[in-house]
Every structure is written in structure tokens, then in C-alpha cells.
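# Remarks on the overall topology
Residues per chain, in single letters:
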Amino acid sequence: MPQRASTVNLLRSLSNILVLLVAAVTPGYGQDPPSGQRPITTLKIESKLVAVTAIARGESGQAISGLTRQDFLLKQDGKAQAIIYFSPSSDLPLTLALMVDTSGSQRDFIPDQIADSAGFFPALMTKPQDRAVLVQFDSEILELAELTNSVPTLEEALSKLSDKRGDLAGGTRLYDAISTVSHLELGDQLGRRAMVILTDGGDFGSETKIGAAIAEAQRADIMIYSVYYSRGGGNKGALERLSNATGGRVFTVGPTMSLKQVYAAINDDMRLAYELGYRPPESHPNKFHKIELSTIDKKLTIQARKGYFSK
């Protein structure tokens, strides 16, 4: 359990993990209203629907905007499903976790990570409903800033990011951190959900296995963005597995890509994603179902989670 687990409500309900935000909008939504004001979107929970956040990419990897519901094809367990909800994800609130590996293998990267992360929170948190949490992990899991919409609070916590906590055990509880944050921090939040993890992918000392960590993120509909920091060690393959299964991406920080560039790419994903929803067939609880999302235009590729667990 994290060192400050007492500060977190350990009894948060998971009943809303697999939910969709259904927008009831004013007439003419998607068009410029005569008054010049944006239409008000009213959100409600529809627990029987499955939400899928998706990013469409062109042949060169660029995110594609302007698609409609009719451009997408969706299957569950190989069977076609009707898409009954569709919206640009940028219209929905964002819940975000920035998670930083502070174990020994990452010690030399921490000063640069603090400096390069300075603009991360204000760039992504553009709505009053947006929330974020900051976590560091090694042999322990420490919440530096609880879930908040205060950018100054998050930036102050970021400045205190440190590996100087007497990490005598020398552990890296990556999978435990993913499971804990999925469960305690993001699982019952509404709207888009994403984790950004700065690490080399090595895990030492977690009670949680990688498959269970993926399952927790999938239950909470969280996209994992892995940022690989290493001089040749770690486990990049594990990061690819985590991100691919949840609809995220893997980046490598090095001579050709800075952390600031990684953040800019993630920001583009959050702005240009689509939110789709469908009503799944009846199923036994806690059963994994495969999701296949594609577009009619076969030149496009789709970044989205690979499945979900029925309630």
C-alpha cells in the first residue's frame, strides 16, 4: 500500500469503472450557435454502455480529426456492435496521473524530468473539471499530490519529486503503482482517463503481476502512456504490453526525442481522440471481452484499448 494511503479514500466504489458519459446536447450541437456561445453539454452515467477512447492515425502516424460515427466499425468478440454514442473526447473532462519511477536506475534522470515537466499540467488541464494526481514510486508508492484541479498545487508537488527517501530495499513497484492508482485515484472519475509513466519498465518487488495491472487499468478505462527512460536496461517490452493493451503509446526519451516533445504528442492525442460507446451483449460478470475498432478507410489505423471486463 502507498505510504500515504491513509489520505486516500480506500473504500471508493468501483461500480462506475466501466461506464460511459452520455451527452445530452442542445439542438444544433457541433455547429456554431447563433449567440456565439458554446452549447452546454449535460453528462450522465449509463452503466450498461462500454466506452472506448480512440485515436485515428494516418499513414505517417499523424492523428486524424474530423471523423464521424459512420467512419468507424466496432466488434466485440468478433461480432459487430452498433455505435450508439460518439463525441470528440476533447469535449469531456480529463483525469490524469503522472507517475514517476524514482528508483536507483532512474536517479540521474530526475532533475531533467522536473524541468521538462514544468508545462505538463497547464497544457493538458484546460477545463475546470480536469483533474490530475502526481505519484512517485520505487520500493514504496508515494502520492505527492492528491487528485486535484489545481495546477499550482501539482507544480509545487512536482518540484519536490525526489529519490532521497532512503530506498534501502531497492525496489521498483511499477505494477503495484499502476494497480493502486487505477483503483484508488482514477477508477470512479468521469470522462477521459490516462496515465503517463516515466520509467525504464523494470519491476522489482510488486505483488501485482503485469496481467493484473493491465486488467485494473482496463477495468478503469485508463490509457497508459509509457515514457521509456534508460541507458540500455529495464524492460521496454513490458511497457509496450501495458500501453498496447490499454490504448496508449510508448515513447523513448533520447537524442531524437525530448520529454517535452513526448508531452506535446500526448497532448495532441488528448485533443484529437474520439469517444465511442456501445451497448454490449449480456455477459457473466468479470469476463474479459475483446474489442476491435477500425475505420472504413483501411489506410487509417486505430489506437484504442483491446478489451474490457464485464460488470
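Within any chain, residue numbers begin from 1 and follow the written order of that chain's sequence. The predicted origin of the model limits local features to residues at a pLDDT of at least 70 and limits the giving and counting of side-chain atom pairs to 80 or more, whereas totals for whole chains, interfaces and linings rest on all residues. Values shown for side chains rest on all heavy atoms present in the structure; no hydrogens or waters enter the calculation.

## Observations concerning the nonpolar core
Nonpolar cores are built from buried Ala, Val, Leu, Ile, Met, Phe, Trp, Tyr and Cys residues. Side-chain atoms within 4.5 Å join them into one set. Residue burial is assigned from relative accessible area. The probe radius is 1.4 Å, only protein chains are included, and a residue is buried under 20% of its type maximum, exposed over 50%, and partly exposed in between. In terms of nonpolar packing, the biggest core is built from 35 residues, with Leu 98, Val 196 and Leu 198 touching the most fellow members. Numbered from the N terminus, helices here are DSSP runs of H or I no shorter than four residues, and strands are runs of E no shorter than two. Residue assignment for this core shows that the elements contributing at least two residues are strand E7 (94-101), helix H2 (120-124), strand E8 (131-137), helix H3 (151-159), strand E10 (192-199), strand E11 (223-228) and helix H7 (259-272). Looking at this core element by element, the count peaks at six residues for H7. With residues near it in sequence (within four places) discarded, Val 196 still touches Leu 96, Ala 97, Leu 98, Met 99, Phe 120, Tyr 225, Val 227, Tyr 263 and Ile 266. Listed in part, the 25 residues of the second largest apolar core include Ala 177, Ile 197, Ile 224 and Tyr 228. Contacts: residue pairs with any heavy atoms within 4.5 Å of one another.

## Some points on unusual backbone geometry
In most cases, non-glycine residues show a negative phi, while peptide bonds are predominantly trans. Positive phi outside glycine occurs at Asp 77, with the angle close to 50°. As for its placement among the helices and strands, Asp 77 is situated in the loop between strand E4 (72-76) and strand E5 (79-81).

## Some details on helix H5 (residues 210-219)
Ile 210, Ala 213, Ile 214, Ala 215, Ala 217 and Gln 218 are the residues of H5 that are buried. Asp 221 occupies a position one or two residues after H5 and carries a positive phi of about 55°.

## Things to note about the side chain of Thr 172
For Thr 172, the position within the fold is in the loop between H3 and helix H4 (174-186). Since its relative accessible area comes to 4%, Thr 172 is described here as buried. Those residues in contact with Thr 172 that sit more than four places away from it in its chain are Asp 101, Ser 103, Phe 137, Asp 138, Ser 139, Gly 202, Asp 203, Phe 204 and Ser 206.

## Topic: the pairing of strand E3 (residues 50-57)
Of all the eight residues making up E3, eight are buried; the element is thus mostly covered by neighbouring parts of the structure. Here E3 shows no split at all, with Val 50, Val 52, Ala 54 and Ala 56 on one side and Ala 51, Thr 53, Ile 55 and Arg 57 on the other all buried. Note on pairing: DSSP must find at least two bridges between two strands before they are called paired. As paired elements, E3 and strand E13 (residues 274-278) share five bridges and run antiparallel to each other. Note that in E13 the partner of Ala 51 across the bridge is Gly 277.

## Regarding helix H6 (residues 236-246)
Ala 238, Leu 239, Leu 242, Ser 243, Ala 245 and Thr 246 are the residues of H6 that are buried. Looking one or two residues past H6, Gly 247 carries a phi angle of roughly 90°, positive in sign.

## Description of the environment of Asp 116
Inspection of the secondary structure puts Asp 116 in helix H1 (residues 110-116). Linking Asp 116 and Gln 261, residues 145 residues apart in sequence, is a C-alpha distance of 9.5 Å. Discounting chain neighbours no more than four positions away, the residues touching Asp 116 are Leu 259, Lys 260 and Tyr 263.

## Considerations on the sheet that holds strand E16 (residues 307-309)
Taken in spatial order, the four strands line up as E5-E4-E14-E16 in an open sheet, and their pairing is antiparallel. Two strands lie at the open edges of the sheet, namely E5 and E16, each paired on one side alone. Adjacent strand axes in the sheet meet at a mean angle of 35° when their direction is disregarded. Bridge count between E4 and strand E14 (residues 288-295): five bridges; the pairing is antiparallel. Its bridge partner lying in E14, Gln 76 is registered against Ile 291. Each axis is a line fitted through C-alpha atoms, taken for helices only over the stretch in contact, and angles between the N-to-C directions span 0 to 180 degrees.

## Concerning the pairing of E8
The buried count for E8 comes to six of seven residues, which makes it a mostly enclosed element. The pairing of E7 with E8 spans seven bridges and is parallel. From the neighbouring strand, Asp 101 faces E8, where its bridge partner is Phe 137. Across five bridges, the pairing between E8 and strand E9 (residues 141-148) is antiparallel. Bridge pairing in E9 places Ala 132 opposite Thr 148.

## Structural notes on the pattern of salt bridges
For salt bridges, the criterion is a side-chain nitrogen of Lys or Arg within 4 Å of an Asp or Glu carboxyl oxygen. Evaluation of the coordinates by the stated rule reveals seven salt bridges. The closest approach of N and O atoms between Asp 269 and Arg 57, which form a salt bridge, is 2.7 Å. Here the residue Asp 269 occupies a position in helix H7, and Arg 57 occupies one in strand E3, the gap between them amounting to 212 residues. For the pair shown, Asp 269 and Arg 57 are each scored as buried. When the shortest N-O distance is used, the salt bridge between Glu 156 and Lys 160 registers 3.6 Å. Under the relative-accessibility criterion, Lys 160 is labelled exposed at 55%. Because the salt bridges share partners, they merge into one network encompassing Arg 57, Arg 249 and Asp 269.

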